[in-house]
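Residue-level structure breakdown
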Amino acid sequence: MIQKLKRANKIPMGIIMLISVLLGCYALALVDNEGDDFQLDKIAFDWDPYIEMSHYHSQEELEWVLFGYERDFPELVTVVELGRSVKGRSILAVRITDHPHEQAEVNEPAVKYVANMHGNEAIGRELLLALVQYLCEGYYSNDTIRSLVDSHDIWIVPTMNPDGFASAEEGECCGVKGRENSNRKDLNRDFTIINRITGNISWQFEQNFQPETKSLANFIKQRQFVLSINFHGGAIVANYPYDYPYKWASSTPKKYVASPDDAVFQRLALTYASWNQMMSNSSMLKDTCPFASEHFDHGITNGAQWYNVLGGMQDYNYLASNAFEITVELGYCKYPLRSALQPYWEANKDSLVYFIQQATAGLSGSVLDALSGLPIGDAVIQVEEIDHHINSTEDGSYWRLLAPGNYHVSVTAQGYYKSKTIAVRITESEREQFMNFYLYPTQVRFGRAILTPTQLSEAAVPVQQPMSYRATVDPDAYIRDLARRYPTLTHVYNLGLSTLKHEMNVLVISDLPKQHELGEPELKLISSIHGNELVGLELLATFAEYLLKNYGVNEEVTWLVDNTRIHILLAPNPDGRKKILEFTNGDLSAVDSKRAWDVGRANGGRVDLNRDFNYDGTLASLNSLQAETQNLITWTKANPFVLSIAYHGGSKVVCYPFDHIKNSHVADVQVFRYIAHNYVQTNPGMKSGYPCPKEWPHERFPDGYLAGGDWYPFKGGMQDVNYNFSNCLEFSIEVSCEKIPPEEELSQHWEDNRQSLITFLKMAHIGVSGFVTNSIDGSPVKSCSIAVSEIGHDIACTEKGEFWRLLTPGFPYTITASAEGFKSQTKMVFISETNGGKLSKSAQRLNFVLKPNRLENSSQLEHWINKISKAKRLDELEISSLDYNTSRDIFAAIKEVFPQLATIKFLGSEVLGGQIVSVELTAAKNVSTVPNLAVIGGIMEKDLQSVSSLTYFVLDLILAYQAADPVVSKLLEESVIHLVPYFYPHTLQSSSGVAREGGNCVSKLTVDREKDMVSQTFDQATLLQVKMLRNWLQQQPIVFVLNVMSGFEGVFVPKEVGASTESLIRGRRSIEAVQSTCADVPEQNSPTVALIKSMQSDFGISSSAVGVGCCLSPRNSSLGMKNNNNYLRFSNYSKCLLSNVSSHVVVLTAQTPDGRHVDAEALKISCACNFSVTLKASGSGKHQLLLTQSGDQSITASWRNVSVTQTVHVNESETSPDVINFVFPFPYSDEKSQAPFWAVTNYRFVLLLVAGSIIIASIVVWCMSSRCWRRQSKSRGCRRLSCVKSCFGFCEGNKYQNVLVHRHLAEVFDVKSGTETWQTLSFVDSNSDSSDGDLPFTGRDDRDVGSQQRLLK
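Residues numbered from 1 in each chain as written. Predicted model: local features only at pLDDT ≥ 70, side-chain atom pairs only at ≥ 80, totals over all residues. Heavy atoms only, no water.

1. Describing the pattern of salt bridges
Once the charged atoms of two side chains with opposite charge are near each other, the side chains can pair. Scanning the model with the defined rule gives 29 salt bridges in all. For the salt bridge of Arg-480 with Glu-503, the shortest nitrogen-to-oxygen distance reads 3.8 Å. Linking Arg-480 in helix 15 (residues 475–485) with Glu-503 in strand 18 (residues 503–509), this pair joins segments that are 23 residues apart in sequence. Residue classification places Glu-503 among the partly exposed positions, given a relative accessible area of 39%. With its nearest N and O atoms 3.9 Å apart, the salt bridge here joins Arg-611 to Asp-608. Linked through salt bridges whose partners overlap, the residues forming this network are Glu-533, Arg-601, Asp-608, Arg-611 and Lys-739. (Salt bridge = Lys/Arg side-chain N within 4 Å of Asp/Glu carboxyl O. Helix = DSSP H or I, 4+ residues; strand = E, 2+ residues; numbered from the N terminus. Buried < 20%, exposed > 50% of the residue type's maximum accessible area, 1.4 Å probe, protein only.)

2. Things to note about the packing of aromatic side chains
Across all of its chains, the model carries 40 aromatic pairs by this definition. Seen from their ring centres, Phe-219 and Phe-225 are 5.0 Å apart, and the 65° between their planes marks the pair as edge-to-face. Here Phe-219 and Phe-225 have matching classes, each one buried. Judged by centre distance (4.0 Å) and plane angle (15°), the ring pair of Trp-275 and Tyr-354 falls under stacked. Residue Trp-275 is found in the loop between helix 8 (262–274) and helix 9 (277–280), and its partner Tyr-354 is found in helix 12 (residues 342–356); the two are separated by 79 residues along the sequence. (Phe/Tyr/Trp six-rings, centres within 6.5 Å; stacked < 30°, edge-to-face > 60°.)

3. Here we look at the nonpolar core
Ile-96, Tyr-113, Leu-135, Phe-231, Tyr-272 and Ile-326 are the most contacted members of the largest nonpolar core, which totals 126 residues. With ten residues, the top contributor of residues to this core is helix 4 (residues 123–138). The contacts of Phe-231, once residues within four sequence positions are left out, are Tyr-113, Val-114, Ala-115, Asn-116, Gly-124, Leu-127, Leu-128, Tyr-272, Val-328, Leu-330 and Leu-352. Residues Tyr-478, Val-666, Val-671 and Phe-672 belong to the second largest nonpolar core, which totals 77 residues. (Core = buried A, V, L, I, M, F, W, Y, C linked by side-chain atoms within 4.5 Å. Contact = heavy atoms within 4.5 Å.)

4. Overview of the sheet that holds strand 2 (residues 90–96)
What the eight strands build is an open sheet, ordered 1-2-4-3-5-8-6-7; its pairing is mixed. On the outer flanks of this sheet lie strand 1 (77–84) and strand 7 (300–302), each paired with one strand and no other. Geometrically, the sheet is characterised by an average inter-axis angle of 20° between neighbouring strands, direction not taken into account. Docked against the sheet, helix 7 (residues 211–223) engages strand 1, strand 2, strand 3 (110–114) and strand 4 (153–157), running at close to 135° with respect to strand 1. Each of strand 3, strand 5 (227–232), strand 6 (235–240) and strand 8 (324–331) is contacted by helix 11 (residues 313–320), which is oriented at about 165° to strand 8, the strand it contacts most. (Pairing = 2+ DSSP bridges. Axes fitted to C-alpha atoms, helices over the stretch in contact; angles between N-to-C directions.)

5. Observations regarding helix 27 (residues 944–962)
Between the first and last C-alpha of helix 27 there are 28 Å, a value that for 19 residues agrees with the 27 Å anticipated at 1.5 Å per step. If you check the start of helix 27, you find a side-chain oxygen 3.4 Å away from the backbone N of Gln-945, and it comes from Asp-943. Once helix 27 ends, the next one or two residues include Ala-964, with phi positive near 65°. (Expected span 1.5 Å × (residues − 1). Polar contact = N/O pair within 3.5 Å; in protein donor to acceptor, adjacent residues only side chain to side chain.)

Quick look at the structure:
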């Protein structure tokens, strides 16, 4: 050993120390003094954090520790106060997840751990604090911990009974002091919801819960946990429900009371116990633990079999929520000495981690609306084999814990039909199963179709087998029968008449079949343009039935029907079809193909329709075509078709343009080939390349597809016209070697083409799609075009500004949107392979916003720009009438003339396509420090009076500001005014049918509940307009809303806003009714003000309504400005009201000392006076507070048990107060309550301490080991300055500097015996006369001069 040490010493000591110093400096470099940029996940190592449980934390220390983790790990931790104890101590919950400040992610289970329910059972309290440290510090160094935190929503409550803990005594193993709360109530007997007499659950008992129990009960119900543990002490066992022999529960003679999920609970308890050696082998403690009085097989027990507990928390979890909770007894001693704590962490660490992973053991997924795809909350998940159900969360997620076995699962929800019952098998190897349930609503909802119970019972995957020519006999009767059976998924319309006056009917299949949905592509499927090629007719008829039967049953089909509008034309040549039926006498079972080859091919005018599309885009050429051809071209141009199939018979191949010439390359050849390839690859009859060896032995198609002209060229084909004169890419597909194959072959043709048709529908969703909108008001740009520079074939936008550009995935593209009167816009896009044709992805979204060219704008817009720029007063504008286009042009002109004052924002489009916009007016220098107020109108469909009044009001405010009106100037300089004039733009159209000339004055204000948004509340919104308003209010920091209505005169103020707010709203100037014929101001419970009241109840936004006149829809002449006294009264009142409200709004910020903004949810605002306040969060951590009284107001802000009070002066005649900043010190930051440094776990502090220690220890140890430091200055060796050099290996006497160390090590270890001994070590006197080269090394140095004694082990 000595020789090894000598050899090791050959390395210069200075080099060793230099390396150590560098390592220490590197550690220091990792420490970010600002605390913002330091990221532990940048350190690549796998490390299991060391946890030390060395003492018990007081309540103050516990809170300090928890808030310290929140401060140090803000990306992982948030602390929430669940409530207070009887004595006012906080009951805190720590949330640990990768998104702690957001809602739980979909399909992410929530798990909770609760401890210290009995105050004197303290092990769990420290165990959970250690777990918080373990999860936080291990997140960046341990893959298991990171995965656990990323995939679970973990909640930890270290103490439920802080009062009891404060009175308990350390070292008391068996006593009861501190067990109860301060009211002397056992909290684990307080969750009583069972009537002892009847045995029924009675929720009214919750009213009598203790404060601590109420806090946990609310926590349990609000968070919808999946798993839970309640930690206790006094035994070592995992205890599971039931705890009590309820009358309705089954029990055994041994009083084993099994819950319906007994098998699951046993597995959960075993999971915890098996990872805890102390628990699973508790018998080994029998002789070593003086408190070990009971032992349990495998460390688990049924609660009631052990002893009865009525009102226990674990049974409450199971009966009142989704949570499966067990009770874990951690140790026989309830409150052991602190010196005995560490083994409990080592014993329970693995159990704590692996128990959380059980949250997904069983069946999980989402419950969704089958028609809209929206989540369904509170749905009931039922397992036939288990008499206990769980509910889905608000986001539709569910987790049904199941033991291995076979189960039958179904789902029900209010307002929905019951789902199909699904068989589920859980095995040991596949413990986690995922399944979504789709439910059909029982009533119509906006934007999606519904199914009847009859349709649901008929839903099945297979279609009729064997197939026959049943649809060919009468295609119209066939599609009308489908429409009758599936009325909400189908629609039948007529294209026109054939040459012989037969109808050409089309079947539409979609979730909204009667209308085009914005952003949804449409395609057409056509068969038998040659009347005797009947195989395609039967295939498409069968495909239509397949889609309808499988909607809601097959996820793929459901998605396609929901996201695509499919038009199916079975008989484009009804004349030819009838001719072939006459030829065969209606018997198509075995037709001689050679004899019938040309019979019925042409139409009634003996024209081959697929040679008749000689169309050049002019009306003259269209009129020269056959009736059927005209109908087909007109149909194609009238609909936004993206893709099309024309089925033929006579071969098996897919053809694409061009047909009229050989060796031609259409611009979109790569797109055509990509789609054709996907069709062929899913069609066994085509991909061989030699499809008809019997009928056409010389015909080969190596790829299964080709350009039509390369097969045989002809002019007048339908697919060429589709490509040249529309956005539609059409394919001619030959699906059978015979035009009328035998009936027994139809089923095989169907099987060959079924998946190909599904694949073809998916192809409508490849490439890009989006909208082209006007930059001024967000309205769609009509007549725009989309160009792809790599292709060279432009497509046109729809009237709504939509476009779909099919593109081959896997390539980059340069796409330009352009329109007359607008500046073009170009974007680069890469179409990913993962988007193309996949069910989970629609086409890639690509929107364009085009700026108008002023010189080329419409004359109307120029007209309003000129008028508004010159006007000084509102009456100079001479607005005699108002329609949608005029309103839109006025707002666009306002933005052009006053860009610094006005901003136009697009809220959305209504069903009929009109644009809903908001106008934001402000002259504030810093919009984040001023209040936000809103004025909205047109919240009733026929209310045109409020729309016109609000449109004038926008102009009035702008012109008054330009004229330096003092009231308006103050208002716009000190606030942001959001104005939404209308929500029903279609009523502004002159052709809308609304009574515009006759007028619509009312004596009693009524609403149409199906159309008027004013009658709905936000939490039960079904109208699109209400949903738009809800989203808008959630995104804007609006603190007050004035609703402008007509049909009455006066002011309505909801009682919910309070008396002082009502006084503020009414003010000194009000609008009173002046016409006796007017309807009265609405009552508080009137349906006409439901939406207004909902603003206060759902969003906390103070609101009111002002009536501007008796007539909802007055005559056009009454909508003008001349003699419009209604408007003048409304304008004067609104200006004063908004100015008054604005002066009562203060903006405040709440920050911690390090500058971080306080989260709004944890911030509480109160006032010394008793009046209502409205708090609205805005950007940059600012909050808007509406104070409804003037004068000096004392405002108190509370956060994390810390309160800060400031005084603000409110005066409506003065400028709004400046921003008030509340700075919250960290909890317990004062000297008296300062927690000791060891109570805080701060990894930056620890790292800094370690780094500094490395550097200091390196210098001290190595330098002092040098002989130079043991010599006096008279020595022949190094002087003190030279001794510094010697530390780095430059002193000539350095080679002996460690000899003494070698000697002492030899004395410590008995080399001969190999045993470790204790020795007294003596150090050489620095005054020794020995020379550097003659240091004696024989025997023991017994000199006493300068000796020091140490003990080494």
